[in-house]
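# Geometric and topological summary
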Amino acid sequence: MDSVKSLFASEGSNPKSRHSYSVYKNVDEHEANGVEVRMDHEEEMESSFVREMASTLVAQKNQNRRKPILYLILFALVVFLFAFVFGYLAFRGSCRSCGDPQSDDGVSGTYDGYESEQGGQTLYWGDLKEMFQKFLNDGQEFEKNIRWVSRKSHPSGSDEIKELALDILEDFKQYKLDHIWADTHYVGLQFPDKRNPNSLQFVNGSGDILEQVRLEDPEVYSPYSAAGTVTGGLVYANYGRKEDFLQLKTLNARPENQLVIVRAGKISFAEKVANAEEAGAVGVLIYPDPADLATDQGSQRLPPDVALYGHVHMGTGDPYTPGFPSFNHTQFPPIESSGLPKIPAQPISANAARTLLNMLAGPSAPRDWTGSLFATYPLGASFSDSSRQLQLTVNNVQATVQIDNIFGCIEGKFEKDHYIVIGAQRDSWGPGAAKSGVGTAILLELARTFALMVRNGFHPRRSVLFVSWEAGDFGSVGATEWLEGYLSMLHLKAAAYISLDNAVLGDEKFRAKASPLFKSLIKEIITKVDSPKRSDQSIYDFVVPEGEDWESHVLRPLTIDSGAYPFTAFGGVPAVEFSFTEESQAYPFLNTKLDTYEKLNAMVQGRLPTFAKSLAEVVGQVVLRLTHDHLLRLDYNCYSEDVAKRISSFNEYSKFLKERGLTLKWMYTARGDYTRAAEKLNNAILSSDEKDEKLIHMFNVRIMRVEFYFLSQYVSAMQSPFRHIIHGQGPHTLSALADHLNLLKTNPTEFQEAFFRRQLALVTWTLQGAANALSGDVWDIDNNF
């Protein structure tokens, strides 16, 4: 009505206008009251004009009434489009979908730039990658450092390793890192007794020595072997895996009260000895079979008189202070690690193994157990001369040794109390080009490069720790002692760990032993870094055949002999270890005194510095992502998928369990609750403001604790140090539950219902605890229990 009034107000005192206004006032009232308008007789002359004007203005009025609705619709569309675009960008930057690489455009989402101190320019993700590439040295620096570290043997506790520690400390000072310090421990290590070396011989029934089996290098030994003398027959047990010992039973070759001989490879020395002890063996001999070792480009093989070094502690850290840090002031409790073997173990050469196998009697081993020793590979347990028995004597002695971990830190700008830790083993029993040389060289180069970036405007959100560990050859002793010292606060501080150990062992494959939390980040980075063999090809394209699943070619589970293992399995910190390796056979000189720069370089066709630099690029870009992005790039969703895969095989046991009145229902429910908690966190992140530092910090705290949630809170860290229910070891793990369930099919009489109930409870409540913790506040928890 107001619009009609305004239209006629401009007509002044024109009678027609005023009359028309009165008519249309009546028309408007007619529309409002629903009554018929009657025109006076004197107005009939103008009726045609009035009707025409009335029709026009009514239509105009209706149009004016529709305008606000149209404006509202248009406004809603604009809001929807804006929200869609914003949501897409935020989703692209924050999505935690497993294996989904994210954009690196550097202009939106988690990749916003920030102002640098020099010149006020804005640095985006692309700028940081370019800066990193600019400051990362060429291959000459890597070559120099690898040669420097591996110029001579530097075992833990030696003068050489202390000299190397001081050199690295000085390098960190020259790089001008924010904080530099040494972390000292006093640990129990084991060494051969030079005055009373280990021995292997044939004896008769009276114990008289008939013949010595030559151990070519008396310095080669297995730290943490039980000391003593054992005598018996000999059983060949392939790689010494659990399945190998199970197969021996079906082949009627009994290892009980006998020594066993196993070939190196597939699993660690410690696992071989633990499996042999569980099978009832009294001693273990470990040899390198030529069939398992790669040949370098000069056709050089491991000499047949060389044995491999390797510790046999089924654990990490100082086994004489399990669960406690070995600081000098610590009052050590009178206990030992449950992972120490109770039987002696000794490495032997291929020559010695050939001698023993050729003298064994018994049926031939399965074809897939046969190596290339030019031996018959009988199973044993007796010798062709039945009067002979084998006698092994191990005289290793324990010593307390000071070890030093060297730290350098670049402090973060926004979350300096959260650390990304990069570490490499420094010690080596021999020269250790592959064992410690490459990793240490990469560590130093990354520390130098990141320090230069900081001086040129890069401000990492989170702190970066560069660490040189000692006593890695004895089972990540230096790293584990540090973890034990700060175990109560580690999950609050350490966001991720990257191991540089075993970085280059070949040139055919690229592997990543990793926590599932790293999956999508690994895929993204290897699609961006050039292959060391072809600059026009990424590492991803180099190792993953077209159309095949990348995970099966790249990802591997964390193993106890990995430098990353104790961080995840013991400390609850997501960890990863990258390696260039051979297709299937192992680098032949690892853990020998032949592990030199020249031999490792020949193994990769003279391109060792190039491979080292390529791996440094992978690690560097991972660190950039973890230190630059607002939200931690860790895929907490992936554990939902990983657990689902692991427990899906349990369904086949439902019938057997139901017959006993048992069910896996609550374990499945707990996994479902974790999935819902992850989705809830996803939604909270997507609807949040990434510039809200307090809120982002809260999200990051929840994300970085995910791995910690999978440590069972129901077992002792001293008795079961690897408490992780997926990557750990012990009856509380999913793998132990699966093994026990399998007895329902293979040997029902050995199934222990009470023990199974305990196992199931440990797994279920750890999963449920992870779901509850990820959900956030207790009043927000929504689960099906």
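Only a predicted model underlies this, so the values are computations on that prediction, with no experimental measurement involved. (Residues numbered from 1 in each chain as written. Predicted model: local features only at pLDDT ≥ 70, side-chain atom pairs only at ≥ 80, totals over all residues. Heavy atoms only, no water.)

## Details of the overall build of the chain
Along the backbone of the chain there are 25 helices and 19 strands. Residues counted as buried form 56% of the 785 residues belonging to the chain. Counted over contacts in the chain with a minimum sequence separation of 6, partners at least 24 positions apart contribute 78%. (Helix = DSSP H or I, 4+ residues; strand = E, 2+ residues; numbered from the N terminus. Buried < 20%, exposed > 50% of the residue type's maximum accessible area, 1.4 Å probe, protein only. Contact = heavy atoms within 4.5 Å.)

## What to know about the sheet that holds strand S7 (residues 234-236)
Reading across from one edge, S10-S9-S8-S7-S11 is the order of the five strands in this open sheet, with mixed pairing throughout. Edge positions in the sheet fall to strand S10 (345-347) and strand S11 (380-381), since each has one partner strand and no second. Relative to strand S8 (residues 259-263), S7 runs parallel, the two being bridged by three bridges. Bridging from a neighbouring strand, Tyr 236 pairs with Ile 261 of S8. Its contacts with the sheet put helix H8 (residues 269-278) on S8, strand S9 (283-287) and S10, and the angle it makes with S9 is roughly 145 degrees. (Pairing = 2+ DSSP bridges. Axes fitted to C-alpha atoms, helices over the stretch in contact; angles between N-to-C directions.)

## Structural notes on the pairing of strand S12 (residues 389-394)
Judged by how many residues are buried, S12 sits mostly within the fold: five of six residues are covered. Sheet topology note: the strand S4 (residues 199-203)/S12 ladder contains five bridges and is antiparallel. Bridge pairing links Phe 202 to Leu 390 in S12. As paired elements, strand S6 (residues 228-232) and S12 share five bridges and run antiparallel to each other.

## So, the packing of aromatic side chains
Under the defined criterion, the tally for this structure stands at 27 aromatic pairs. Here the aromatic rings of Tyr 221 and Tyr 309 are separated by 5.6 Å at their centres, their planes lie at 75 degrees, and the arrangement is edge-to-face. Taken together, the residues span a long stretch of sequence, with Tyr 221 in the loop between strand S5 (209-212) and S6 and Tyr 309 in the loop between S9 and S10 at a distance of 88 residues. The class for Tyr 309 is buried, based on a relative accessible area of 3%. Here the aromatic rings of Tyr 224 and Phe 474 are separated by 6.2 Å at their centres, their planes lie at 70 degrees, and the arrangement is edge-to-face. Linking Tyr 224 in the loop between S5 and S6 with Phe 474 in the loop between strand S15 (462-469) and helix H11 (477-485), this pair joins segments that are 250 residues apart in sequence. Ring pairing ties together the aromatic residues Trp 181, Phe 407, Trp 469, Trp 482, Tyr 486, Tyr 497 and Phe 567, which thus form one cluster. One cation-aromatic arrangement involves Lys 599 over Phe 589; the distance from NZ or CZ to the ring centre is 4.9 Å. (Phe/Tyr/Trp six-rings, centres within 6.5 Å; stacked < 30°, edge-to-face > 60°. Lys NZ or Arg CZ within 6 Å of the ring centre and 35° of its normal.)

## Description of the pattern of salt bridges
In the structure shown here, the tally under the stated rule is 31 salt bridges. Notably, a salt bridge pairs Arg 625 with Glu 524, separated by 3.0 Å at the nearest N-O pair. A residue pair is termed long-range when its members are at least 10 positions apart, and Arg 625 in helix H18 (residues 608-628) and Glu 524 in helix H13 (residues 519-526) qualify at 101 residues. Here the two residues Arg 625 and Glu 524 agree in accessibility, since each one is buried. If you follow the salt bridges from partner to partner, you end up with Glu 415, Arg 461, Arg 462 and Glu 693 in one network. (Salt bridge = Lys/Arg side-chain N within 4 Å of Asp/Glu carboxyl O.)

## Examining the packing of helix H5 (residues 139-149) against helix H10 (residues 433-455)
Where H5 meets H10, the closest approach of the two axes is 8 Å, and the angle between their N-to-C directions is 135 degrees. As far as their axial angle goes, H10 and H5 are oblique. At the point where H5 passes H10, the crossing takes the right-handed sense. Residues Glu 141, Phe 142, Asn 145, Ile 146, Trp 148 and Val 149 of H5 pack against Ala 433, Ser 436, Gly 437, Val 438, Thr 440, Ala 441, Ile 442, Leu 444 and Glu 445 of H10. Among the residues forming the contact of H5 with H10, the class breakdown is nine nonpolar, four polar and two charged. (Parallel < 35°, antiparallel > 145°, perpendicular 65-115°, else oblique. Left-handed = near helix turned anticlockwise from the far one by under 90°. Nonpolar A, V, L, I, M, F, W, Y, C, P; charged D, E, K, R; others polar.)

## Observations concerning H18
Across its 21 residues, H18 extends 30 Å between first and last C-alpha, which sits within 8% of the 30 Å expected from 1.5 Å per residue. With respect to burial, H18 is a largely interior element, 19 of its 21 residues being buried. (Expected span 1.5 Å × (residues − 1).)

## Focus on the environment of Val 529
Inspection of the secondary structure assignment puts Val 529 in the loop between H13 and helix H14 (539-543). As for Val 529 and Ser 614, which are separated by 85 residues in sequence, their C-alpha atoms are 7.4 Å apart. Apart from the residues lying within four places of it in its own chain, the contact partners of Val 529 are Gln 537, Ser 538, Ile 539, Ser 614, Glu 617, Val 618 and Gln 621.

## Let's talk about the sheet that holds S5
Here we have four strands laid out as an open sheet, ordered S5-S4-S12-S6, and antiparallel in their pairing. Both outer strands of the open sheet, S5 and S6, are each paired with one neighbouring strand and no more. Across the sheet, the mean angle from the axis of one strand to that of its neighbour is 25 degrees, orientation sign disregarded.

## Focus: a nonpolar patch on the surface
Together, Tyr 486, Met 489 and Leu 492 make up a nonpolar patch on the protein surface, roughly 230 Å² of accessible area in all. Along the chain, the position of Tyr 486 falls in the loop between H11 and helix H12 (487-493). (Patch = residues over 30% accessible without salt bridge, like charges linked within 9 Å, V, L, I, M, F, W, Y side chains within 5 Å. Areas by Shrake-Rupley, 256 points an atom, 1.4 Å probe, with all protein chains shown as cover.)

## Brief notes about the nonpolar core
What tends to happen in soluble globular proteins is that the nonpolar side chains get buried as a cluster. Phe 466, Ile 522 and Phe 578 are the most contacted members of the largest nonpolar core, which totals 182 residues. Per-element tally for this core: the top contributor is H10, with 13 residues. (Core = buried A, V, L, I, M, F, W, Y, C linked by side-chain atoms within 4.5 Å.)

## Observations concerning the side chain of Ser 222
Within the fold, Ser 222 resides in the loop between S5 and S6. Apart from the residues within four sequence positions on either side, Ser 222 is in contact with Gln 190, Phe 269, Gly 310, Val 312, Ala 345, Pro 347 and Asn 396.

## Observations regarding the packing of helix H21 (residues 665-686) against helix H22 (residues 693-704)
In contact at an axis separation of 11 Å, H21 and H22 are set at 155 degrees when each is read in the N-to-C sense. When the axes of H21 and H22 are compared, the pair comes out roughly antiparallel. The element H21 and its partner H22 pack so that their crossing is left-handed. Mapping the contact onto sequence places Leu 681, Ala 684 and Ile 685 in H21 and Phe 699, Arg 702 and Ile 703 in H22. Classifying every residue of the contact of H21 with H22 gives five nonpolar, no polar and one charged.

## Some points on the confidence of the model for the chain
Confidence in the prediction of the chain, expressed as mean pLDDT, is 86, and 82% of residues score 70 or more. Overall, residues 115-119 carries pLDDT values under 50, and its contacts beyond four positions in sequence, including any with other chains, amount to 11 contacts. (pLDDT = per-residue confidence, 0-100.)

## Here we look at the side chain of Lys 272
Among the secondary structure elements, Lys 272 is positioned in helix H8. What Lys 272 contacts, discounting residues up to four positions off in sequence, is Tyr 239, Gly 240, Phe 245, Val 262, Arg 263, Ala 264, Gly 265, Ile 267 and Ile 286.

## What to know about unusual backbone geometry
The amide bond that connects Gly 380 to the next residue, Ala 381, takes the cis arrangement and shows omega of 20 degrees. Turning to its location among the elements, Ala 381 is positioned in strand S11. Phi is positive for Tyr 224, which is not a glycine, with a value near 75 degrees. At Ala 471, a residue that is not glycine, the phi angle is positive and equals roughly 65 degrees. Residue position: Ala 471 is located in the loop between S15 and H11.

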